[in-house]
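Here are the chains, one letter per residue:
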Amino acid sequence: DRAFYPVFEKNDRPILRQFVEVPTSTTILFLFHGDAPLNVTVHAGNPYQGQVVPRQDRAGYERLLRAWWRDYAAAADARGVVREYPAVVEEYLTDTLARRLRLPLPEQAASGGLLLDELNVLFETETARMRMARRVLSGEAFGQPSERLPEELPAPKAELLNPPPADTPIEPLATRVPVESLYVRFGSFSNFLWLRHRIEDWGGELRDVVSERGLDFDLNERFQRQLGLRESALAEVLGERVIADVAIVGTDTFVREGAALGLLFQAKNNTALAADLTQQRLTALKELGGKQEQRTIAGRPVSIITTPDNRLRSIYVSDGDFHLVTTSMNLAELFLETSAGRHESIGASDEFRFTRARLPLAVADTVFVYLSPQFFQNLLSPHYQIELNRRLRSAVEIELLPIAQLAARAEHQPHATIEELVAGDFVPASFAARVDGSELQLEGNTARDSLRGARGSFVPVPDVPIERITPEEATRYANLAQGFTASVGGMAPIVARVARKAMPDGKLERVIVDVEAAPLSQRHVELLSKWLGEPTDARLAPVAGNVVSFEAVLRGGTFFSAGEHHLFGGLRDADPAIALDPQAGIIARLVSSQLQGVQGYLGAWPNPGFLRMLSGILEVPVDPAGYARLRTGLWRRQFNDFTLLSFHPEILEQASAQLKFEKAPRPAQVWVHAEDLSQSRLAGLVNAYGYRQSRQITAGNTRFLNMLSEQLHVPRAEALETAERLLVAKFESPLGGQYELRETSPGVKTWVSSALADAPPNQVPPDYQFPALTWLRGMDLEMGFQNGAIAAHVEATMPVETRPAAGFSLPGLLGGAKPAGNAPPATNNQLPTNKKNAKGSTPAKPPQPKSPAPRPSGAREF
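Residues numbered from 1 in each chain as written. Predicted model: local features only at pLDDT ≥ 70, side-chain atom pairs only at ≥ 80, totals over all residues. Heavy atoms only, no water.

Caption draft 1: Structural context of the overall build of the chain. The secondary structure content of the chain amounts to 23 helices and 32 strands. In the chain, which comprises 862 residues, the share counted as buried stands at 53%. Counting only contacts in the chain whose residues sit at least 6 apart along the sequence, the fraction spanning at least 24 positions is 72%. Taken as a whole, the chain presents about 37900 Å² of accessible surface, with 54% of it coming from carbon and sulfur. (Helix = DSSP H or I, 4+ residues; strand = E, 2+ residues; numbered from the N terminus. Buried < 20%, exposed > 50% of the residue type's maximum accessible area, 1.4 Å probe, protein only. Contact = heavy atoms within 4.5 Å. Areas by Shrake-Rupley, 256 points an atom, 1.4 Å probe, with all protein chains shown as cover.)

Here is the structure:
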């Protein structure tokens, strides 16, 4: 209990990254308290014991301190490495230790500019959170809120090529949606449930494909709980008889911290729908506690049900046949203003009518998504931008607080209050200082913002009042407004449509997705015109043997891409070992020299274009048939203005004989085609990639659990519960199994995954099946840019959905959903409490840490 923050010298096997193989000789550097000898045990395969006797040597101390910091900061630095788990603990440790010991911080990754920084804040990315954590932990000072909110960005001007007809049919629901709201319409309740089912079936699996984290933040569960809407017999059995139309509406999608969102219904039976919504909300109030109040806004009664931490924040208002349940008072007020004709609706806007003229209401869509220019404009308004940064700081402080308490407890320092943490320098003096007068409050073991509520259920951005702002906030917004106007300009409406088509066998269906942005601003048109060639209906005919193929019409003025050309390629087969390389991602392997296992080709017509980058500069001998072996190991064939590249000359021969152009159904610039991968020769590669990704996710979680014990002295048995509380997420493994403690060396238990503990590192288990192979049975994509619009058309073949419904959800916007019956993860912001653990047991929910040992004398300094 006197040794802290260990790391292996020279970053050979940093403890922060969880070593697997033990080096034959190494040096461990760590900090310690006091001047008495330390009895040290190093667990490295077998326990090695020894005694460390401190001595006074200032020069030696400075030398070792620099060596320790060099390796510790490098090991903990989240930049430049693939991070399989959130970096918040390591960010706290490096920033805090640098401040306490007056050591230089590692250089932070260069900012992509103010506009990119604000996009990171908008999308709630980890980059934004870590940048804010550094600002908080560095003790950044604040100015005084002395200025009014600045003027908003100039409103975007629609560049309509043709005014929409005045009699363009518009659905009634759109006339009740405020123009600055997003609009996700389902047309019928059965469509709503279909997408809900789809997300439940494969949303989480898709998340596991593209994510590097095995964390379930349970955002849909959180959204349902806030609205107080759950699965009901009425929704399941009578939905079609009671509900005529339904849409998700809202001015943002910031569900991780608290969004301004709602469900808007058009009723067929007003009495039945009102009774059901009321009953569900009252049931939620009974379960979660809180209070109910009634207000009158614009002559309409508004029912408000809330809890102090905003875990339940349900606002219900109706007008005629239209019923809105939302988390935001501002959205409820806008709905009533729109219904009364005092605020513009989406349905009344020229941009929406222009969209409906191009995408008629008569075409039945399963899902219709419309994001207006005003929606983006509102997100970039001064109110949104300033409050987003304020709430990000608050959320990060709430996230850092329990980590600081763990560090103080590990060092046997007082940690019950923020004042004690400041006194011990575990947080800076400016921690929890707010320019808006709000406070970071501790109530028992829960931290919350006095103005915004608990982490994960903040008051929505438009509901937070802003009286004054600081000069720094005003300058930042002015720079953002100037940069956005110069770089982006006006935003075009973005529209997405989803439709379904049954297939003859009854087991599969075609899911058709169309996405369009139109009308584009002149600046966007010019940018796209630099890279995409003219749209054409002449595309290459299918080449037998290809499992995946693509084609794009490109242009450019550089050496590598001179002239407009078709760039195309096909993939036929590949060695699954490519996807299992533990040292590199699949893309890195595909551009490396170890590619003999890739069976495919790249081509260009009528000039090499981008292929010149792979063909090399030096000329090589060419045989009469146009074949040449390049110094990169690639084979090249040139004939009839075609250029083909492959590692296998026989593939060039086979593909060459089939290359010809055919007429496409409509002009475009990009085409992609994929066969049913589960029945193809690429199934092994895709399965191996899915297993490798799932394995990395699972191993990353075990590294995080063990790191908590190694760096913050969290008792091993309590690491899982502590981790889920710190991250407000449940640890999951896409491979299944459990995270459990096992004795990996004599006397030491380590967190492992039961799915990985006995599995070979570079071999796919014979019973593993990548879930995506079961639900994606083929895909076609085309994209075109012309007449001031960019559009994409996707057709995917999937198994017919058969799951029963499981309650309301926010499908498609949250990156995955869970059935409503699942137990939620730790959703509060509890700080460490004291419980005892049964010796030798590993409970399903590990107990809390024991009370800290009394503070030893002389423990103030390292």
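Caption draft 2: A look at the packing of aromatic side chains. Here the structure, examined in full by the defined rule, presents 19 aromatic pairs. Consider the rings of Trp68 and Trp69, whose centres lie 5.6 Å apart with planes at 40 degrees: the pair is tilted. Exposure remark for Trp69: the relative accessible area of 5% places this residue in the buried category. Seen in terms of ring centroids, Tyr183 and Phe352 are 6.1 Å apart; in terms of plane orientation they differ by 70 degrees. Their pairing is edge-to-face. Within this pair, whereas Tyr183 is found in strand E5 (residues 182-185), its partner Phe352 is found in helix H11 (residues 350-358), the two being separated by 169 residues in sequence. Overall, Tyr183 belongs to the buried group, its relative accessible area being 0%. Judged by relative accessible area, which is 0%, Phe352 ranks as buried. Each residue in the set Phe4, Tyr5, Trp68, Trp69 and Tyr72 is aromatic and connected to the rest through ring pairs, giving one cluster. (Phe/Tyr/Trp six-rings, centres within 6.5 Å; stacked < 30°, edge-to-face > 60°.)

Caption draft 3: Molecular detail of the pattern of salt bridges. By the definition in use, this model includes 34 salt bridges. Of the charged contacts, one joins Arg342 and Glu337 as a salt bridge, the two residues approaching to 3.3 Å between their closest N and O atoms. A relative accessible area of 28% places Glu337 in the partly exposed class. When salt bridges with common partners are traced through the structure, they connect Arg135, Glu140, Glu387, Arg393, Glu397, Arg434, Asp436, Asp449 and Arg452 into a single cluster. (Salt bridge = Lys/Arg side-chain N within 4 Å of Asp/Glu carboxyl O.)

Caption draft 4: Fine view of the nonpolar core. One finds Trp68 and Val89 to be the most contacted residues of the largest nonpolar core, which totals 122 residues. With 13 residues, helix H13 (residues 382-410) is the single largest residue contributor to this core. Counting 26 residues, the second-largest nonpolar core is a separate cluster that includes Leu264, Ile297, Leu324 and Leu336. (Core = buried A, V, L, I, M, F, W, Y, C linked by side-chain atoms within 4.5 Å.)

Caption draft 5: The arrangement of helix H9 (residues 270-288) in detail. Between its terminal C-alpha atoms H9 stretches 27 Å, which fits the 27 Å expected from 19 residues at 1.5 Å a residue. Listed as buried for H9 are Leu273, Asp276, Leu277, Gln280, Arg281, Ala284 and Leu285. The backbone nitrogen of Thr271 has a side-chain oxygen 3.3 Å away, supplied by the residue at the start of H9, namely Asn269. Of the residues trailing H9, Gly289 is marked for its positive phi of about 80 degrees. (Expected span 1.5 Å × (residues − 1). Polar contact = N/O pair within 3.5 Å; in protein donor to acceptor, adjacent residues only side chain to side chain.)

Caption draft 6: How the structure looks around the sheet that holds strand E16 (residues 453-454). One open sheet accounts for 3 strands, arranged E14-E15-E16; its pairing is antiparallel. At either margin of the open sheet sits one strand with a lone partner, and together these are strand E14 (440-443) and E16. In terms of strand pairing, E14 meets strand E15 (residues 446-449) through 4 bridges, oriented antiparallel. Residue pairing in the sheet places Gln441 in a bridge with Arg448 of E15. Taken strand by strand, H13 contacts E14 and E15, and its axis lies near 165 degrees from that of E15. (Pairing = 2+ DSSP bridges. Axes fitted to C-alpha atoms, helices over the stretch in contact; angles between N-to-C directions.)

Caption draft 7: Spotlight on the confidence of the model for the chain. Taken as a whole, the chain shows an average pLDDT of 80; of its residues, 78% reach a score of 70 or greater. For residues 11-20, every residue scores under 50 in pLDDT, and the model assigns this stretch 36 contacts once sequence neighbours within four places are set aside. Within the model, the stretch residues 78-82 combines pLDDT values under 50 with 9 contacts to residues more than four positions away or in other chains. (pLDDT = per-residue confidence, 0-100.)

Caption draft 8: Layout of the pairing of strand E31 (residues 779-786). In this structure, strand E27 (residues 670-674) lies alongside E31, joined through 5 bridges in antiparallel fashion. Bridged to Val672 within E31 is Leu781. As judged from the 8 bridges shared by E31 and strand E32 (residues 789-799), these two strands associate in the antiparallel manner. By the bridge assignment for E32, Met783 is matched with Ala792. In textbook terms, the turn of a hairpin is the stretch between consecutive antiparallel strands, and for E31 and E32 this stretch comprises 2 residues, one of which, Asn787, has a positive phi near 55 degrees.

Caption draft 9: Layout of the environment of Val800. Tracing the chain through its elements places Val800 in the segment after E32. Looking at Val800, the relative accessible area reads 32%, which means it is partly exposed. Taking the C-alpha atoms as reference points, Val800 and Arg510, separated by 290 residues in sequence, lie 8.9 Å from one another.

Caption draft 10: The packing of helix H2 (residues 88-101) against helix H4 (residues 126-137), seen in detail. In the contact formed by H2 and H4, the axes pass within 10 Å of each other and the chain directions differ by 25 degrees. Accordingly, the angle class assigned to the pair H2 and H4 is roughly parallel. Note on packing geometry: the crossing formed by H2 with H4 is right-handed. Of the residues in H4, those touching H2 at Val88, Glu91, Tyr92, Asp95, Thr96 and Arg99 are Met130, Ala133, Arg134 and Leu137. Here the contact of H2 with H4 is built from residues that sort into 5 nonpolar, 1 polar and 4 charged. (Parallel < 35°, antiparallel > 145°, perpendicular 65-115°, else oblique. Left-handed = near helix turned anticlockwise from the far one by under 90°. Nonpolar A, V, L, I, M, F, W, Y, C, P; charged D, E, K, R; others polar.)

Caption draft 11: Highlighting unusual backbone geometry. Cis geometry is adopted by the peptide bond preceding Pro606, which originates at Trp605 and carries an omega value of -5 degrees. Within the fold, Pro606 resides in the loop between strand E22 (598-605) and helix H19 (612-615). In the Ramachandran plot, Ala298 falls in the positive-phi region, its phi being about 55 degrees despite a non-glycine side chain. Among the secondary structure elements, Ala298 is positioned in the loop between strand E9 (291-297) and strand E10 (300-306). The exposure class assigned to Ala298 is partly exposed, which follows from its relative accessible area of 46%. One non-glycine residue, Asp425, lies in the positive phi region at around 65 degrees. Mapped onto the fold, Asp425 is located in the loop between helix H14 (418-423) and E14. On the accessibility criterion, Asp425 (24% relative accessible area) is partly exposed.

Caption draft 12: Seen up close, helix H20 (residues 649-656). Three or more residues of H20 are buried, namely Ile651, Leu652, Ala655 and Ser656. Considered in projection along H20, the buried side chains sweep an arc of 130 degrees and stay on one side of the axis. In this structure, the buried residues of H20 make contact with strand E21 (565-574), E22, strand E23 (627-629), strand E24 (635-639) and strand E25 (642-646). (Arc of directions from axis to C-beta.)

Caption draft 13: Focus on the pairing of strand E4 (residues 46-52). By the bridge criterion, 7 bridges tie strand E3 (residues 38-44) to E4 in an arrangement that is antiparallel. Among the inter-strand pairings, Val42 is bridged to a residue of E4, identified as Tyr48. The turn joining E3 and E4, which pair antiparallel and follow one another in sequence, is formed by 1 residue; a positive phi near 80 degrees is taken by Gly45.

Caption draft 14: Here's a closer look at the side chain of Thr702. With respect to the helices and strands, the residue Thr702 is situated in helix H21 (residues 683-712). Here the side chain of Thr702 touches Ala699 through a polar contact of 2.7 Å, landing on its backbone oxygen. Contact partners of Thr702, with chain neighbours within four places excluded, come to Tyr739, Trp751, Val752 and Ser753.

Caption draft 15: Seen up close, the packing of H4 against H13. Packing of H4 against H13 brings their axes to within 9 Å, and their N-to-C directions diverge by 75 degrees. Judged on the interaxial angle alone, H13 and H4 are roughly perpendicular. Taking contact as the criterion, the partners of Ala128, Arg129, Met132, Ala133, Val136 and Leu137 in H4 are, on H13, Asn389, Leu392, Arg393, Ala395, Val396, Glu397, Glu399 and Leu400. Of the residues assigned to the contact of H4 with H13, the class counts are 9 nonpolar, 1 polar and 4 charged.

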